[in-house]
Number of protein chains: 2
Amino acid sequence: MTNSVTNPATSPVTKPAAQPLAKIVIFGVGLIGGSFALALKKQRAVTQVVGLDRSPAALQRALQLGLIDVAGNDLSSALVGADLVLIAAPVAQTEHILRELYPHLGAQTIVTDAGSTKSDVVDAARRALADKVHQFVPAHPIAGREVNGPDAALAGLYNGKKLVITPLPENSRDTVQFVSDLWQRCGAIPHLLSPAQHDLVFAAVSHLPHLLAYALVDQITGQPDAELRFQFAASGFRDFTRIAGSSPEMWRDISLANRDALLLELSHYQIQLERIAGALKQRDGDQLLALFSNAQNARIRWNHSIEAAEKPVREGGD
Amino acid sequence: MTNSVTNPATSPVTKPAAQPLAKIVIFGVGLIGGSFALALKKQRAVTQVVGLDRSPAALQRALQLGLIDVAGNDLSSALVGADLVLIAAPVAQTEHILRELYPHLGAQTIVTDAGSTKSDVVDAARRALADKVHQFVPAHPIAGREVNGPDAALAGLYNGKKLVITPLPENSRDTVQFVSDLWQRCGAIPHLLSPAQHDLVFAAVSHLPHLLAYALVDQITGQPDAELRFQFAASGFRDFTRIAGSSPEMWRDISLANRDALLLELSHYQIQLERIAGALKQRDGDQLLALFSNAQNARIRWNHSIEAAEKPVREGGD
């Protein structure tokens, strides 16, 4: 058992930056990148935001909305004098983007990402950035919305939300602090985990639930009376399956990127279902009651602890 | 495939009752029974509501709150002149309550229930009511809250919510219509299913999801790093596991009462997870994408169809 006070691995990193940065570059000007840019601009934490995106339409829209100041086209000039590069593109593109960055990456520029998996991103960064990998700080903001793209960006998206940084041994303390500070300016609450810890934790509390929700909805569609079943689905079904409305491409990529941890969690879950099926077959009400009660207690404790949880840091600390 | 227009099995029953009833009796004056009583009183659809409950405190509270007019103690006198008895107690108590009712049940009194499972309730009713079983109309209002007891009762709980009636062959058309009318006065939208249809549908869209949510939360509690995992659980986890906060006793009873249908759905789900684990092991992104996309499409369609769904009937029809 660990907690954020006694375990240094999860201690929040403090001391937000006070001086505005000259320039940041955002790869992917959608919900995640756009909200980061908006929040920093609102905090007057940056002078110029340069956007880059595979979609010219998204880039123009981000410019119109004021998420970015400049729609970049030339990578080399975009990176000149940049303090920070944020990669907020689908996680499967990270290695390609880092390879493109590499030749233009100055010694003073820090690179970070927002990917939902970390071990694979770290591997990709080592391959792509080689001798410059110490300039890359892997991170994952725990925030999202049901909608995507530049129009979905919100200055307050990260307000009070957790940010996980999984530092590399090669990162200097100042480099990690720099990234942590910027996210804190966006209202996020930084935590440190190892990449492997991160991936196991999120396999259990995020990736597996997504997979289970997709699996349930897909199962119902395959039944001859599917329409009747959907007709009587109510609020429990609505909440349980909300995450099955998420982007299939994104979750395919996350599932593959975090395959080992996800397979481990899934195998434990399959054993759970075997136990429950066994209890049902034997009409073992006591075993069902014990399991349901344990889960209910934990769910109630969790709900209370998150309701009383960390508050946003909007105006900076000391 | 069926739908509520072309399939008579799911056609809404119409024509709400216009005359106030002299007396109804509610077994179980909590959320479900109390809300039914409140809604009918608000509609001036009943002159007197008599409450019965295993808990004297609940009964006194229901009286204080005006959910009921009389706190009954003698079953025999409570049933004299009753137009309707609603059993809104845990489903496992239904048979016992029906057996207690039997000797006092006049020929003009209709009995109905609000249980979440129906095949087992029908079996219980046949055993307990024998020659009077035609007076029993099995029903299930699809409504609930996270809180229980008399204080949780709301006059609007059933407003726009579905009510499933699973009539017996022994029920007269008028008897079924009478129960349907009363629920419509509460704002509910009646549908007809067979008990077996009901139980399969709700095993798939309600009972299995509850079991899956309990299973996930219980699994996390069993890990050495449980606290770390809960610490990083976010909104996806919150929605997916909301139903794991439900009453363990209630869901043990429902799981056992609908055991056969639930085991069938669970076995299909276990096969789904085998397929998904196989796709992950083989890094088969196409198979994952196809399954996730199918689920996402169905979830989005469902969400649109329920948003455009039936509207509440509050002021009665013709």
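Rules used in this analysis
Residues numbered from 1 in each chain as written. Chains lettered and ligands numbered in written order. Predicted model: local features only at pLDDT ≥ 70, side-chain atom pairs only at ≥ 80, totals over all residues. Heavy atoms only, no water. Helix = DSSP H or I, 4+ residues; strand = E, 2+ residues; numbered from the N terminus. Rg over C-alpha atoms; globule rule 2.2 N^0.38 Å. Contact = heavy atoms within 4.5 Å. Areas by Shrake-Rupley, 256 points an atom, 1.4 Å probe, with all protein chains shown as cover. Lys, Arg positive; Asp, Glu negative; His and termini not counted. Charge placed at Lys NZ, Arg CZ, Asp CG, Glu CD. Least-squares fit on C-alpha atoms with pLDDT ≥ 70 in both. Buried < 20%, exposed > 50% of the residue type's maximum accessible area, 1.4 Å probe, protein only. Pairing = 2+ DSSP bridges. Right-handed = clockwise from strand over helix to strand, strands pointing away. Axes fitted to C-alpha atoms, helices over the stretch in contact; angles between N-to-C directions. Parallel < 35°, antiparallel > 145°, perpendicular 65-115°, else oblique. Left-handed = near helix turned anticlockwise from the far one by under 90°. Nonpolar A, V, L, I, M, F, W, Y, C, P; charged D, E, K, R; others polar. Domains from an automatic or database assignment. Buried area = accessible area lost by both parts, 1.4 Å probe. Salt bridge = Lys/Arg side-chain N within 4 Å of Asp/Glu carboxyl O. Polar contact = N/O pair within 3.5 Å; in protein donor to acceptor, adjacent residues only side chain to side chain. Phe/Tyr/Trp six-rings, centres within 6.5 Å; stacked < 30°, edge-to-face > 60°. Core = buried A, V, L, I, M, F, W, Y, C linked by side-chain atoms within 4.5 Å. 1 Å grid on protein atoms, 1.4 Å probe; cavity = no way out; pocket = protein on both sides within 12 Å on 5 of 7 lines; lining within 4 Å. Points joined across faces, edges and corners; volume = space filled by probe spheres on them.

What follows covers the overall build of chain A. Helix and strand counts for chain A come out as twelve helices and nine strands. In summary, chain A has a C-alpha radius of gyration of 21 Å against a globular reference of 20 Å for 318 residues, a match within 12%. The principal-axis extent of the C-alpha atoms belonging to chain A is close to 70 × 45 × 35 Å. Across chain A, every contact between residues at least 6 apart in sequence was considered, and the portion connecting residues at least 24 apart equals 77%. Total accessible area on chain A is roughly 12600 Å²; 53% of this is exposed by carbon and sulfur atoms. Positive and negative charge centroids in chain A, built from 29 and 31 side chains respectively, lie 4 Å apart.

Next up on the list: the relation of the copies chain B and chain A. With an RMSD of 0.0 Å, chain B superimposes on chain A once it is rotated by 180 degrees and translated 0.0 Å along the axis. Put plainly, the chains are arranged around a two-fold axis. Looking at the rotation axis and the C-alpha trace of chain B, the residue lying nearest is Phe-240 of chain B, at 2.0 Å.

All right, on to the pairing of strand β5 (residues 110–113) of chain A then. Residues and elements named next belong to chain A. Across the two faces of β5 the burial is the same, with Ile-110 and Thr-112 and Val-111 and Asp-113 all buried. Inspection of the sheet shows strand β4 (residues 84–87) paired to β5 by four bridges, in the parallel sense. Within β5, the residue paired with Ile-87 across the bridge is Asp-113. With helix α4 (residues 94–101) bridging β4 and its parallel neighbour β5, the resulting β-α-β unit is right-handed.

Moving on: the packing of helix α4 (residues 94–101) of chain B against helix α5 (residues 119–129) of chain B. Residues and elements named next belong to chain B. Put simply, α4 and α5 touch, their axes get as near as 9 Å, and they point 25 degrees apart. Classed by the angle they form, the pair α4 and α5 counts as roughly parallel. Note that α4 runs across α5; the crossing there is right-handed. Here Thr-94, Glu-95, Leu-98 and Arg-99 of α4 come into contact with α5, specifically with Val-121, Ala-124, Ala-125, Arg-127, Ala-128 and Leu-129. In terms of residue class, the contact of α4 with α5 is built from six nonpolar, one polar and three charged.

A word on the domain arrangement of chain A. Residue and element names in this part refer to chain A. Entries for chain A in the domain assignment read domain 1 (19–193) and domain 2 (198–281). On a C-alpha basis, the centroid separation for the pair domain 1 and domain 2 is 30 Å. Roughly 980 Å² of surface becomes buried between domain 1 and domain 2 when both sides are summed, with 63% attributable to carbon and sulfur atoms. The largest contributions to the domain 1 side of the interface with domain 2 come from Ser-116, Thr-117 and Glu-146, which together make up 42% of the buried area. Here domain 1 is connected to domain 2 by zero salt bridges. One can count three residue pairs in polar contact (both at pLDDT 80 or more) joining domain 1 with domain 2. Tallied by class, the residues present in the side of domain 1 that touches domain 2 amount to six nonpolar, five polar and three charged.

The next point concerns the sheet that holds strand β8 (residues 162–165) of chain A. Residue and element names in this part refer to chain A. Reading across the sheet, the three strands line up as β7-β8-β9 and stay open at both edges, with mixed pairing between neighbours. Unpaired on one side and paired on the other, β7 (139–141) and β9 (189–192) mark the two borders of the sheet. Within this sheet the neighbouring strands show an average axis-to-axis angle of 20 degrees, counted without direction. In terms of strand pairing, β8 meets β9 through four bridges, oriented parallel. Of the residues in β9, the one forming a bridge with Lys-162 is Ile-189. In this fold helix α6 (residues 173–185) packs onto β7, β8 and β9, with an angle of close to 165 degrees to the strand it touches most, β8.

At the junction of the two partners, chain B supplies 90 residues and chain A supplies 90 residues. Approximately 8800 Å² of surface area, both sides summed, lies buried where chain B meets chain A, with 65% of it carried by carbon and sulfur atoms. Counting the contacts that link chain B with chain A gives six salt bridges. Asp-218 of chain A is paired through a salt bridge with Arg-275 of chain B; the nearest N and O atoms lie 3.9 Å apart. When residues of the side of chain B that touches chain A are traced back to their parent elements, those giving at least two are β8 (162–165), α7 (195–221), α8 (226–232), α9 (235–241), α10 (248–257), α11 (259–281) and α12 (285–307) of chain B. Considering every element that reaches the side of chain B that touches chain A, the biggest residue donor is α7 of chain B, with 19 residues. A class-by-class count of the residues in the side of chain B that touches chain A yields 49 nonpolar, 24 polar and 17 charged.

All right, on to the packing of aromatic side chains then. Given two aromatic rings, their pairing is described by the distance between the two centres and the angle made by the two planes. Throughout the structure, instances matching the rule amount to 13 aromatic pairs over all chains. Centre to centre, the rings of Tyr-214 of chain A and Phe-292 of chain B are 4.3 Å apart; their planes meet at 10 degrees, and the pair counts as stacked. Pair noted here: Tyr-214 of chain A is in helix α7 (residues 195–221) and Phe-292 of chain B is in helix α12, and the two residues belong to different chains. A single burial state applies to Tyr-214 of chain A and to Phe-292 of chain B, both of which are buried. Look at Phe-230 of chain A and Phe-237 of chain A: their rings are 6.1 Å apart centre to centre, the planes differ by 70 degrees, and that puts the pair in the edge-to-face class. Each of the two residues, Phe-230 of chain A as well as Phe-237 of chain A, counts as buried. In textbook terms, an aromatic cluster arises when at least three aromatic residues are bridged by ring pairs, as seen for Phe-36, Tyr-158 and Trp-183 of chain A.

Looking now at the nonpolar core. Residues Phe-237, Tyr-269 and Leu-273 of chain A together with Phe-237, Tyr-269 and Leu-273 of chain B are the most contacted members of the largest nonpolar core, which totals 84 residues. Sequence-distant contacts of Phe-237 of chain B, defined by excluding residues within four places in its chain, comprise Val-205 and Trp-302 of chain A together with Leu-216, Val-217, Ile-220 and Phe-230 of chain B. Grouped together as the second largest cluster of nonpolar side chains are 39 residues, Ile-24, Leu-40, Ala-114 and Tyr-158 of chain B included.

Before going further, it helps to spend a moment on empty space enclosed by the protein. All names here are of chain B. Under the criterion given, the structure shown has one cavity of 30 Å³ or more. Forming the boundary of the largest cavity are Arg-275, Ile-276, Ala-279, Gln-287, Leu-288 and Leu-291. At the level of secondary structure, the elements contributing two or more residues to the lining of the largest cavity comprise α11 and α12. Of the residues that constitute the lining of the largest cavity, the class distribution is four nonpolar, one polar and one charged.

Another aspect to go through is the sheet that holds strand β3 (residues 70–71) of chain B. All names here are of chain B. Ordered in space as β3-β2-β1-β4-β5-β6, the six strands form an open sheet in which the pairing is parallel. With partners counted over all chains shown, the strands left at the sheet margins are β3 and β6 (136–137), one partner each. The strands touched by helix α1 (residues 31–42) within the sheet are β1 (21–27), β2 (46–52) and β4 (84–87), with β1 carrying the most contacts at an inclination of about 165 degrees.

Another aspect to go through is the environment of Lys-118 of chain B. Residues and elements named next belong to chain B. Tracing the chain through its elements places Lys-118 in the loop between β5 (110–113) and α5. In this structure Lys-118 comes out as buried when scored by relative accessible area, which is 0%. In this structure, the C-alpha to C-alpha distance between Lys-118 and Ala-78, residues 40 residues apart in sequence, is 26 Å.

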